[in-house]
Amino acid sequence: SETRKHGLQVFDLERLDPSHARHDKDGDGFYEPDALFADVGGAHNVVVNEETARAYAVGVWSPQGYGYLCNGGMFGVDLRDPADPKSLGCVFTDAYVHDAQCVVYRGPDAEHFGREICFLFTGDDVRIVDVTDASDGEGDVTLSKLRYEGVRYAHQGWLTCDHTSVFVDDELDEGGAVGTKTYVLDVADLDAPRVRFVHEADIGVIDHNQYVNGAFLYQANYAGGLRILDISNAELDGGALTEVAHFDLVPSIQGRSWDGAWNVYPFLASGRVVVNEVNSGMAIVKPTSLLVETRSRRVTARDAADDV
């Protein structure tokens, strides 16, 4: 939470199962967290790399609740034992970080294959950072940063499954009748990212968060609701994204409003998509008839000793 003295809370979701020994069967439904990590006061977001069992608090506040911690960058937490989080300290301090995605990199850039790479969205630019060896302000390596033309607030973004492209939403670049822009970055070379093309939607609403699942990009675009884009041709210069479905949570709200779809979760095995709305709660929808070409690829380690 951005509440200043909130701390990082860890909760075992299995406790919600009525058969769980610690389920609140006769209580008021209020649960204390399983762990409270108080080395951070609050944060704009928490980014988790499940593969390395690391969490990164971004836009992070000091434990005392005043002033930024890590210059507002990233504070790392070791979650290999989720009930006993361990501090990794400040892992990035060069800029405020609004959001990020951290992965074990398995893209085409052989130099960085198997490393833990974070894609940072700082408001001013997009940065690519190697945090494999980062611990308490040491070991992070900035590979590149890109300030694209027309940047107003580089808010958030997400990688394609093959780690060759990143989709970026800019929260402040829409105005008047301008269509909602999605910046498609080529990150096949992590040391030299570039803008491949810019997709412009038919409607002019503010974009907020987006995530890739397979061949589709799921966007939560405030008054525009949930927008689902086919990204099959995103790897082509001059390519195009095609909107294939949408769901408007609040049809009465249009234009450049800060109300509407705030976030979306498209990773449920059922195919259902959860969409959060700023004021009224959430919707659960199941898109239908999303047909795309299927592809496969083989990924191997550059060195068997890397164990990836």
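Everything discussed here concerns the structure shown above.
Residues numbered from 1 in each chain as written. Predicted model: local features only at pLDDT ≥ 70, side-chain atom pairs only at ≥ 80, totals over all residues. Heavy atoms only, no water.

Visitor: How should the overall build of the protein chain be read in this particular structure?
Guide: The helix and strand inventory of the protein chain stands at 0 helices and 21 strands. Computed over its C-alpha atoms, the radius of gyration of the protein chain comes to 20 Å, within 12% of the 19 Å expected for a compact globule of 308 residues. Taken along its principal axes, the extent of the C-alpha atoms in the protein chain is 50 × 50 × 40 Å. Among the 308 residues that make up the protein chain, the fraction classed as buried is 49%. Long-range pairs, those at least 24 residues apart, make up 49% of the contacts in the protein chain with a sequence separation of at least 6. Accessible surface, the protein chain: about 15,100 Å² in total, of which carbon and sulfur atoms supply 48%. Each charge sign in the protein chain was given a centre, from 25 positive and 51 negative side chains, and these centres are 1 Å apart. (Helix = DSSP H or I, 4+ residues; strand = E, 2+ residues; numbered from the N terminus. Rg over C-alpha atoms; globule rule 2.2 N^0.38 Å. Buried < 20%, exposed > 50% of the residue type's maximum accessible area, 1.4 Å probe, protein only. Contact = heavy atoms within 4.5 Å. Areas by Shrake-Rupley, 256 points an atom, 1.4 Å probe, with all protein chains shown as cover. Lys, Arg positive; Asp, Glu negative; His and termini not counted. Charge placed at Lys NZ, Arg CZ, Asp CG, Glu CD.)

Visitor: Can you walk me through the side chain of D130 in this structure?
Guide: Relative to the helices and strands, D130 resides in strand β9 (residues 126-130). Its relative accessible area of 7% is what places D130 among the buried residues. Dropping the residues within four chain positions of it, D130 is found in contact with R115, E116, I117, G139, D140, V141 and L143.

Visitor: So what exactly am I meant to see when it comes to the sheet that holds strand β10 (residues 141-146) here?
Guide: In any sheet, the strands associate via hydrogen bonds between backbone groups, in a parallel or an antiparallel arrangement. Reading across the sheet, the 4 strands line up as β7-β8-β9-β10 and stay open at both edges, with antiparallel pairing between neighbours. Both outer strands of the open sheet, β7 (99-104) and β10, are each paired with one neighbouring strand and no more. On average, each strand axis in the sheet is tilted by 15° relative to the strand beside it, whichever way the strands run. (Pairing = 2+ DSSP bridges. Axes fitted to C-alpha atoms, helices over the stretch in contact; angles between N-to-C directions.)

Visitor: Looking at this structure, how should I read the side chain of E174?
Guide: Structurally, E174 can be placed in the loop between β12 (165-170) and β13 (181-186). Of the buried charged residues, E174 lacks a salt bridge, with K181 as the closest side chain of opposite charge at 5.9 Å. Looking at E174, its side chain comes within polar contact range of the main-chain nitrogen of K181, at 3.1 Å. The contacts of E174, once residues within four sequence positions are left out, are G179, T180, K181, V205, I206, D207 and R256. (Salt bridge = Lys/Arg side-chain N within 4 Å of Asp/Glu carboxyl O. Polar contact = N/O pair within 3.5 Å; in protein donor to acceptor, adjacent residues only side chain to side chain.)

Visitor: When you look at the pattern of salt bridges in this model, what are you seeing that I'm missing?
Guide: Here the idea is simple: oppositely charged side chains can pair when their charged atoms come close. In total, this model carries 14 salt bridges according to the counting rule given. If you follow the salt bridges from partner to partner, you end up with D186, R194, R196 and D237 in one network.

Visitor: Looking at this structure, how should I read empty space enclosed by the protein?
Guide: Summed over all chains, the structure comprises 1 cavity of 30 Å³ or more. Considering only enclosed or pocket space, the largest cavity measures out at about 60 Å³ in volume. Lining the largest cavity are T180, T182, H199, A201, I203, V205, Q219, N221, R227, L229 and E243. Here the lining of the largest cavity is built from residues that sort into 4 nonpolar, 5 polar and 2 charged. (1 Å grid on protein atoms, 1.4 Å probe; cavity = no way out; pocket = protein on both sides within 12 Å on 5 of 7 lines; lining within 4 Å. Points joined across faces, edges and corners; volume = space filled by probe spheres on them. Nonpolar A, V, L, I, M, F, W, Y, C, P; charged D, E, K, R; others polar.)

Visitor: What's the story with the packing of aromatic side chains in this structure? I'm lost.
Guide: Aromatic ring pairs are described here by two measures, namely the spacing of the ring centres and the angle between the planes. According to the stated counting rule, one finds 11 aromatic pairs in the structure shown. Consider the rings of W158 and Y211, whose centres lie 4.9 Å apart with planes at 75°: the pair is edge-to-face. Of this pair, W158 sits in strand β11 (residues 154-159) while Y211 sits in strand β15 (residues 209-213), placing them 53 residues apart in sequence. The pair W158 / Y211 is uniform in exposure class, with both members buried. Among the aromatic residues, those joined into a ring-pair cluster are W158, Y211, Y265 and F267. Over the ring of W61 we find R4; its NZ or CZ atom is 3.5 Å from the centre of that ring. (Phe/Tyr/Trp six-rings, centres within 6.5 Å; stacked < 30°, edge-to-face > 60°. Lys NZ or Arg CZ within 6 Å of the ring centre and 35° of its normal.)

Visitor: Can you walk me through the sheet that holds β11 in this structure?
Guide: Within the open sheet, the 4 strands sit side by side as β11-β12-β13-β14. Their pairing is antiparallel. A strand with exactly one partner marks an edge of an open sheet, and here the two such strands are β11 and β14 (194-200). Each strand of the sheet is rotated relative to its neighbour by a mean of 25°, with strand direction disregarded. Pairing geometry for β12 and β13, over 5 bridges, is antiparallel. Bridging from a neighbouring strand, V166 pairs with L185 of β13.

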